[in-house]
Amino acid sequence: MISKCEKTVAIVQMPAALLDRAESMRLAAEHIKSAALKEAQLVVFPETWLSCYPAWIFGMAGWDDAQAKFWYAKLLADSPVIGQPDDMDDDLAVLREAARVNSVTVVMGMNERSRRHGGSLYNSLVTIGPEGTILNVHRKLTPTHTERTVWANGDAAGLRVVDTAVGRVGGLVCWEHWHPLARQALHAQDEQIHVAAWPDMTEMHHVAARSYAFEGRCFVLCAGQYLNVADVPAELLTAYRLGVGGNGLEERLLFNGGSGVVAPDGSWVTAPLFGEPGIVLATIDLAQIDAQHHDLDVAGHYLRPDVFELSIDRRVRTGLTLRDD
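Residues numbered from 1 in each chain as written. Predicted model: local features only at pLDDT ≥ 70, side-chain atom pairs only at ≥ 80, totals over all residues. Heavy atoms only, no water.

> Which residues make up the overall build of the protein chain, and what values do they have?
Scanning the protein chain from N- to C-terminus turns up 8 helices and 13 strands. For 325 residues, the compact-globule estimate of 2.2 N^0.38 gives 20 Å, and the protein chain sits close to it at 19 Å. With respect to the three principal axes, the spread of C-alpha positions in the protein chain is 55 × 55 × 40 Å. With 325 residues in all, the protein chain has 52% of them scored as buried. Here the analysis covers contacts within the protein chain between residues at least 6 apart in sequence; of these, 69% occur between residues at least 24 apart. As presented, the protein chain carries roughly 15100 Å² of accessible surface, and 51% of it is formed by carbon and sulfur atoms. (Helix = DSSP H or I, 4+ residues; strand = E, 2+ residues; numbered from the N terminus. Rg over C-alpha atoms; globule rule 2.2 N^0.38 Å. Buried < 20%, exposed > 50% of the residue type's maximum accessible area, 1.4 Å probe, protein only. Contact = heavy atoms within 4.5 Å. Areas by Shrake-Rupley, 256 points an atom, 1.4 Å probe, with all protein chains shown as cover.)

> Account for unusual backbone geometry, naming residues and giving values.
Backbone torsion omega between Leu50 and Ser51 reads -15°, so that peptide bond is classified as cis. Among the structural elements, Ser51 can be located in the loop between strand 2 (42-44) and helix 2 (66-78). Positioned with a positive phi, Leu19 is a non-glycine residue whose angle comes to about 55°. Relative to the elements of secondary structure, Leu19 occurs in the loop between strand 1 (6-13) and helix 1 (21-37). The phi dihedral of Asp64 is positive, around 55°, even though this residue is not glycine.

> How would you summarise helix 3 (residues 93-102) if you had to cite specific residues and measurements?
Regarding helix 3, the residues found buried are Leu95, Arg96, Ala98 and Ala99. In a view along the axis of helix 3, the buried residues occupy a sector of 160°, so they form one face of it. (Arc of directions from axis to C-beta.)

> Provide a residue-level description of the state of the cysteines, including the pertinent values.
As enumerated under the stated definition, the model contains 0 disulfides in all. In this structure Cys174 is not part of a disulfide, and its nearest cysteine sulfur, from Cys222, lies 12 Å away. Look at Cys174 and you get buried, because its relative accessible area is 5%. Cysteine Cys222 shares no disulfide, and the gap to the nearest cysteine sulfur, in Cys218, comes to 12 Å. Taking the relative accessible area as the measure of exposure, Cys222 reaches 0% and is therefore buried. (Disulfide = S-S within 2.5 Å.)

> Residue-level account of the nonpolar core, with values.
Val9, Leu42, Ile193, Val220 and Leu221 are the most contacted members of the largest nonpolar core, which has 42 residues in total. Among the elements that take part in this core, strand 9 (residues 219-223) stands out by supplying 5 residues, more than any other. If near-sequence neighbours (up to four positions away) are discounted, Val9 is found in contact with Ala40, Leu42, Val166, Leu221, Val261, Val280, Leu281, Ala282 and Ile284. One finds Leu27, Val43, Ala99 and Val126 within the second-largest nonpolar core, a separate group that totals 27 residues. (Core = buried A, V, L, I, M, F, W, Y, C linked by side-chain atoms within 4.5 Å.)

> Let's hear about the pairing of strand 8 (residues 193-197): which residues, and what values?
Counted residue by residue, strand 8 has 5 buried out of 5 residues, so it is predominantly covered. The handedness of the strand 7 (residues 167-173) to strand 8 crossover, carried by helix 4 (residues 180-187), is right-handed. By the bridge criterion, 5 bridges tie strand 8 to strand 9 in an arrangement that is parallel. Residue pairing for strand 9: Ala197 is matched across the bridge by Ala223. (Right-handed = clockwise from strand over helix to strand, strands pointing away. Pairing = 2+ DSSP bridges.)

> I'd like to hear about the packing of helix 4 against helix 5 (residues 203-216), residue by residue, with values.
For any two helices packed against each other, one specifies the crossing angle of their axes together with the interaxial distance. Relative orientation of the contacting elements helix 4 and helix 5 amounts to 45°, with a least axis distance of 11 Å. Taken together, helix 4 and helix 5 sit at an angle that is classed as oblique. In this structure, helix 4 crosses over helix 5, and the sense of that crossing is right-handed. Between helix 4 and helix 5, the residues in contact are Arg183, Leu186 and His187 and Tyr212, Glu215 and Gly216, respectively. When the residues that make up the contact of helix 4 with helix 5 are grouped by side-chain class, the tally is 2 nonpolar, 2 polar and 2 charged. (Axes fitted to C-alpha atoms, helices over the stretch in contact; angles between N-to-C directions. Parallel < 35°, antiparallel > 145°, perpendicular 65-115°, else oblique. Left-handed = near helix turned anticlockwise from the far one by under 90°. Nonpolar A, V, L, I, M, F, W, Y, C, P; charged D, E, K, R; others polar.)

> Tell me about a nonpolar patch on the surface, and name the residues and values.
Residues Trp175, Trp178, Met204 and Val207 make up a contiguous nonpolar surface patch of roughly 410 Å² in combined accessible area. For Val207, the location among the structural elements is in helix 5. (Patch = residues over 30% accessible without salt bridge, like charges linked within 9 Å, V, L, I, M, F, W, Y side chains within 5 Å. Salt bridge = Lys/Arg side-chain N within 4 Å of Asp/Glu carboxyl O.)

> Please set out the packing of helix 1 against helix 3 residue by residue, giving values where relevant.
Across the interface, helix 1 lies against helix 3 with an axial gap of 9 Å and an inter-helix angle of 15°. On the basis of their axis angle, the class for helix 1 and helix 3 is roughly parallel. Judged by the sense of rotation from one axis to the other, the crossing of helix 1 with helix 3 is right-handed. Residue-level contacts link Met25, Ala28, Ala29, Ile32, Lys33 and Ala36 of helix 1 to Val94, Leu95, Ala98 and Asn102 of helix 3.

> Now, about the pattern of salt bridges: what can you tell me, with residues and values included?
Applying the stated criterion across every chain, the model contains 14 salt bridges. In this structure, Glu97 and Arg100 form a salt bridge, with 2.6 Å as the shortest nitrogen-oxygen distance. One end of the pair, Glu97, and the other, Arg100, are both in helix 3, 3 residues apart, so they sit about a helical turn from each other. The class of Glu97 is partly exposed, set by a relative accessible area of 33%.

And the structure:
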């Protein structure tokens with residue numbers, strides 16, 4: 001018999017339709033339904049699953065690179081604009097409806113366009129509740145290395161943990177897991193389930209995910225992409241090769257997955273799935289969290305507020321103030 005503290009979670013390790021938002025949305029809805037049929041209450045997608053990780057940036061970082069501009073324009077045009085939390089008629093309507101129809105919470109990694117006609121992109125994690133409403137949008141605070149040629153800096157407005165039917169859920173994107181203050185911001189909000197979204201799952205990425213679980217005494221869903229050479233449009237494959245490298249092409253895999261679920265003691269609940277697509281499922285018991293807090297609570301009895309103080313500005317900054325008559 002399943003207790004109230006036991007929850008079923010899922011990580012979607014399936015390829016998207018690169019730079020094809022409509023098809024990617026359709027696929028996402030199918031994967032959400034498949035996970036829900038397996039009794040998943042939370043369904044998680046990797047970093048920028050919607051609708052591609054722009055791997056070409058690592059090979060096209062030169063000034064005034066015509067190919068880089070070409071692919072940036074393609075990505076910008078394909079990326080959704082997020083509407084208001086209760087607005088069902090926006091670019092994410094298909095995802096919202098899939099969450100609502102299947103009564104699940106969804107966390108989607110995506111390229112987010114700043115405004116309908118804006119020229120900037122964010123690397124975002126969007127949390128959608130089982131009623132189809134947007135619960136949170138976290139924009140990656142600092143893009144890493146040449147990612148800065150594609151994504152703008154995020155703000156702390158989405159550096160939040162939200163209450164859901166499955167538990168208190170938060171998330172960070174990729175190398176944000178080596179940002180100690182960002183980690184502490186979520187730990188201090190009593191995060192129970194953490195989404196660690198990545199494009200690929202290297203050994204160090206798994207180290208970061210397991211360390212986060214141990215440090216925060218929470219469950220971590222580390223989500224990595226699976227992408228076969230055959231899944232990439234021919235026109236885009238050359239650009240991808242510049243970023244991913246020749247080995248991926250020889251092995252026919254550009255991203256080989258590695259998604260798994262980590263317990264609050266840093267052990268694997270579900271071992272990483274490598275080299276194949278699939279939906280990674282796990283049953284987690286939130287009751288384990290309290291027991292693990294006995295010897296470590298970095299936001300409680302292991303905190304030294306008399307020595308350290310963290311201040312976070314979660315206001316949305318647009319850099320623009322309009323005063324009209």
